[in-house]
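# What the coordinates show
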Amino acid sequence: MIVTLIVLCEVGFWVLLAAGLALRYVARKPRLGAAVLLCEPLLEVVLLVVTAMDLKNGAEPDWKHGLAAVYIGFTVGLGHSTIKWVDARVAHRFAGGPPPVKPPKYGMARAAHEWRTAARWTVAAGTAMALLQAAIWYVGGDGDTGSLEAWQQKMLWVIGINLVIAVGYTVWPKQEPRDRVGAGR
């Protein structure tokens, strides 16, 4: 049931996103579109409540409960930037908005972009870890929480990988190709 609900939440996320953007740009009702977009966090609340009820009703904590926490964490950390990314493209394509800004490719501007990306992924993984820890405490010593702890370790890897990438771009910034340097001047 939890996996099905996660899939439904993901589908619901994209349906609400499409509906909100359609209202904003096609129907020219930006306030109503924003209201629909603001309903998206309710999906995560439903998933959180159902997961907690499942654990309260005696379900053994397993990978599905961990996946629910990770899904919620990733929505918290990455949902807003995903909505902004899609919104910029829809505004450009269907409403005459400016072309979406592409991330910088070179130098310290790229490093700063990678640090912002790492921060979003760290918020996502940190939120997931906090929810997983809450589930571990909720279950208490009576249940096997090994699968939840395994998800926490995976989230540490997510944080570590993103930090390594950001540090790499900071220490070894990507340089613009020599044939392009000065070409735009």
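As the structure is a computational prediction, the values presented were derived from the model and not from experiment. (Residues numbered from 1 in each chain as written. Predicted model: local features only at pLDDT ≥ 70, side-chain atom pairs only at ≥ 80, totals over all residues. Heavy atoms only, no water.)

## Observations regarding the overall build of the protein chain
Along the protein chain, the regular secondary structure elements total six helices and zero strands. Seen in sequence order, the protein chain has helices and strands lined up from the N terminus as α-α-α-α-α-α. The C-alpha atoms of the protein chain give 20 Å as radius of gyration, which overshoots the globular expectation for 185 residues (16 Å, by more than 25%). Judged by the C-alpha coordinates and their principal axes, the protein chain covers about 70 × 45 × 20 Å. Accessible surface, the protein chain as shown: approximately 11,400 Å² in total, 67% of it carbon and sulfur. Each charge class in the protein chain was averaged separately, 19 positive and 13 negative side chains, and the resulting centres sit 18 Å apart. (Helix = DSSP H or I, 4+ residues; strand = E, 2+ residues; numbered from the N terminus. Rg over C-alpha atoms; globule rule 2.2 N^0.38 Å. Areas by Shrake-Rupley, 256 points an atom, 1.4 Å probe, with all protein chains shown as cover. Lys, Arg positive; Asp, Glu negative; His and termini not counted. Charge placed at Lys NZ, Arg CZ, Asp CG, Glu CD.)

## Thoughts on the side chain of T145
Position of T145 relative to the elements: it lies in the loop between helix 5 (107-139) and helix 6 (146-171). Every residue in contact with T145, bar those within four places of it in the chain, is listed here: P61, I136, V139 and G140. (Contact = heavy atoms within 4.5 Å.)

## Here we look at the packing of helix 1 (residues 2-26) against helix 4 (residues 63-95)
Contact geometry for helix 1 and helix 4: axes closest at 10 Å, N-to-C directions at 20°. Relative to helix 4, the element helix 1 is oriented roughly parallel. As for the relative orientation of helix 1 and helix 4, their crossing is right-handed in sense. For the contact of helix 1 with helix 4, the per-class residue count stands at 18 nonpolar, three polar and four charged. (Axes fitted to C-alpha atoms, helices over the stretch in contact; angles between N-to-C directions. Parallel < 35°, antiparallel > 145°, perpendicular 65-115°, else oblique. Left-handed = near helix turned anticlockwise from the far one by under 90°. Nonpolar A, V, L, I, M, F, W, Y, C, P; charged D, E, K, R; others polar.)

## So, the packing of helix 4 against helix 5
For the pair helix 4 and helix 5, the least separation of the axes is 7 Å and the interaxial angle reads 150°. Taken together, helix 4 and helix 5 sit at an angle that is classed as roughly antiparallel. Crossing geometry of helix 4 relative to helix 5 is assigned as right-handed. In contact with G66, A69, V70, I72, G73, F74, V76, G77, L78 and S81 of helix 4, helix 5 contributes R120, W121, V123, A124, A125, T127, A128, L131 and L132. A per-class count over the contact of helix 4 with helix 5 returns 13 nonpolar, five polar and one charged.

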